[in-house]
Amino acid sequence: MATDERPSEGVRQVRFGMAELTRDPRRRNGWLLTVGGVAQSYVDTEDPLHLEFPYQRHTAVALHCVAGPRVPLTAVHIGGGACTFPRYLAATRPGSAQVVVDADGELVDLVRAEFAVDEVPGLALRVGDGREYLHTRATASADLVVLDAYERSSCVGGTVTVEATRQVARLLRPRGVALVNVIDVPGLSFARRVAATMTSVFDTVVLLVLPGLLAGDSNANVVLVGARTLPTEAIARLAGLTLPAATCLYGESLAGFHASAPPLTDDDPADGPTSLRPRVGACG
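Residues numbered from 1 in each chain as written. Predicted model: local features only at pLDDT ≥ 70, side-chain atom pairs only at ≥ 80, totals over all residues. Heavy atoms only, no water.

J.: So what's going on with the side chain of T232? Which residues, and what values?
T.: Along the chain, the position of T232 falls in helix α8 (residues 232-241). Among residues more than four places away in sequence, those in contact with T232 are T204, V206 and Y250. (Helix = DSSP H or I, 4+ residues; strand = E, 2+ residues; numbered from the N terminus. Contact = heavy atoms within 4.5 Å.)

As structure tokens, then:
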């Protein structure tokens, strides 16, 4: 993509707030997309391998451990932002077939115009309700489902309930993986409920988070990985070597993390917190 043609800095109204594109003065081709002052995506228009937000690097670590290098995947992304992670997946796993479903049609139009997502090989971008889309997919039709759906700064709780998570599990092939990005405030009460939800559906779940954020120092991006089976020790080892290094919880340590938290259900979907500080990494 020619950097002199797009993106262009500015503010636009989208469904869930005011979207702003800002060039990163530290990185020639780096662009930050925010909605309502909260960071949704960071894109390097010339380097799809660059993952600015730590949680996305942790997500990449988990995926590397569960799927062989450069193996193409069939992936479903619920929530997309500027499609940073789908770009990364297309570049690192050529031949992958991906669909991104986002409820904000105006944001989708902006991303199409400014970041040329329609040019990403194998990527289809759709406007719609992510939960409804899950119901339309055939059983065992995906290797990867990424849940990263936000309205303004709040995670859409209805996408991470027990019932929705069972739909995700239905979509996955036997070796398939679900990845969930959760943003939370100190105390991580919402993340604990999502962890309880995931462990009620998947046989193996891993949680990745920066150590200080786990201790409640600030707002936190928490990555949860669910599957029939996961190489937990390999994920923990590689996550610890990643810059920045992540704390990895699984088994008894994860059970302790969510011990007193009830799973989210359709009767009690509880959206994520809305009191995030500006510029916290949110979506993909």
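What follows continues from the structure just given.
J.: Could you give an account of the pattern of salt bridges, naming the residues involved and the relevant values?
T.: With the rule as written, the count across this model stands at nine salt bridges. R112 is the partner of D118 in a salt bridge, and the nearest nitrogen-oxygen pair spans 3.1 Å. The class of R112 is partly exposed, set by a relative accessible area of 28%. The partner of R131 in a salt bridge is D266, and the shortest N-O contact between them spans 2.8 Å. One end of the pair, R131, is in helix α4 (residues 130-136); the other, D266, is in the segment after α9 (252-257), and 135 residues separate them in sequence. Accessibility expressed as a relative area gives 36% for D266, which makes it partly exposed. One continuous salt-bridge network, built from bridges that share partners, spans D24, R26 and E52. (Salt bridge = Lys/Arg side-chain N within 4 Å of Asp/Glu carboxyl O. Buried < 20%, exposed > 50% of the residue type's maximum accessible area, 1.4 Å probe, protein only.)

J.: Describe the packing of helix α5 (residues 162-171) against helix α6 (residues 189-201), listing the residues and the values that go with them.
T.: Where α5 contacts α6, the axes come no closer than 9 Å and their chain directions differ by 45°. Comparing the axis directions of α5 and α6 gives the class oblique. The crossing of α5 and α6 is right-handed. When α5 is examined against α6, the residues V162, T165, R166 and A169 are found in contact with a partner set consisting of T197, M198, S200 and V201. (Axes fitted to C-alpha atoms, helices over the stretch in contact; angles between N-to-C directions. Parallel < 35°, antiparallel > 145°, perpendicular 65-115°, else oblique. Left-handed = near helix turned anticlockwise from the far one by under 90°.)

J.: Describe the nonpolar core, listing the residues and the values that go with them.
T.: Most often, soluble globular proteins keep nonpolar side chains buried together rather than apart. The biggest cluster of nonpolar side chains holds 35 residues, and the ones touching the most others in it are V194, V222 and L224. Here this core gets five residues from one element, more than from any other, and that element is α6. Beyond its immediate chain neighbours, meaning those up to four positions away, L224 contacts A178, L179, V180, V182, A191, V194, A195, M198, V205, V206 and L207. With 31 residues, the next largest nonpolar core counts A67, Y88, L230 and A246 among its residues. (Core = buried A, V, L, I, M, F, W, Y, C linked by side-chain atoms within 4.5 Å.)

J.: Can you lay out the sheet that holds strand β2 (residues 17-23) for me, pointing to particular residues and giving the numbers?
T.: With antiparallel pairing, the four strands of this open sheet are ordered in space as β1-β2-β3-β4. With partners counted over all chains shown, the strands left at the sheet margins are β1 (10-14) and β4 (38-44), one partner each. Averaged over all pairs of adjacent strands, the angle between strand axes in this sheet comes to 20°, irrespective of strand direction. As defined by bridge partners, β2 adjoins strand β3 (residues 30-35) across five bridges and the pair is classed as antiparallel. When the bridges of β3 are listed, R23 appears paired with W31. (Pairing = 2+ DSSP bridges.)

J.: Before we move on, could you go through the environment of A91 and cite the residues and values that matter?
T.: Turning to its location among the elements, A91 is positioned in helix α2 (residues 84-92). Each C-alpha atom, one on A91 and one on A239, is 21 Å from the other, the two residues being 148 residues apart in sequence. Apart from the residues lying within four places of it in its own chain, the contact partners of A91 are P48, L49 and R70.

J.: Requested: an account of the packing of helix α1 (residues 54-66) against α8, with residues and values cited.
T.: It is the contact of α1 with α8, at a shortest axis distance of 9 Å, that shows an interaxial angle of 140°. Here α1 lies oblique to α8, going by the angle between them. Where α1 crosses over α8, the two elements pack in a sense that is right-handed. Side by side, α1 and α8 meet where V61, A62, H64, C65 and V66 of the first sit next to A234, I235, L238 and A239 of the second. Of the residues belonging to the contact of α1 with α8, the class tally is eight nonpolar, one polar and no charged. (Nonpolar A, V, L, I, M, F, W, Y, C, P; charged D, E, K, R; others polar.)

J.: I'd like to hear about empty space enclosed by the protein, residue by residue, with values.
T.: The final tally for this structure, using the stated rule, is two cavities of 30 Å³ or more. Around the second largest cavity, the lining residues are G80, G81, C83, V100, D102, L107, V108, V111 and L125. At the level of secondary structure, the elements contributing two or more residues to the lining of the second largest cavity comprise β6 (97-102) and α3 (105-115). Ranked by the residues each element gives to the lining of the second largest cavity, the list is headed by α3, at three residues. Its residues placed into classes, the lining of the second largest cavity shows six nonpolar, two polar and one charged. (1 Å grid on protein atoms, 1.4 Å probe; cavity = no way out; pocket = protein on both sides within 12 Å on 5 of 7 lines; lining within 4 Å. Points joined across faces, edges and corners; volume = space filled by probe spheres on them.)

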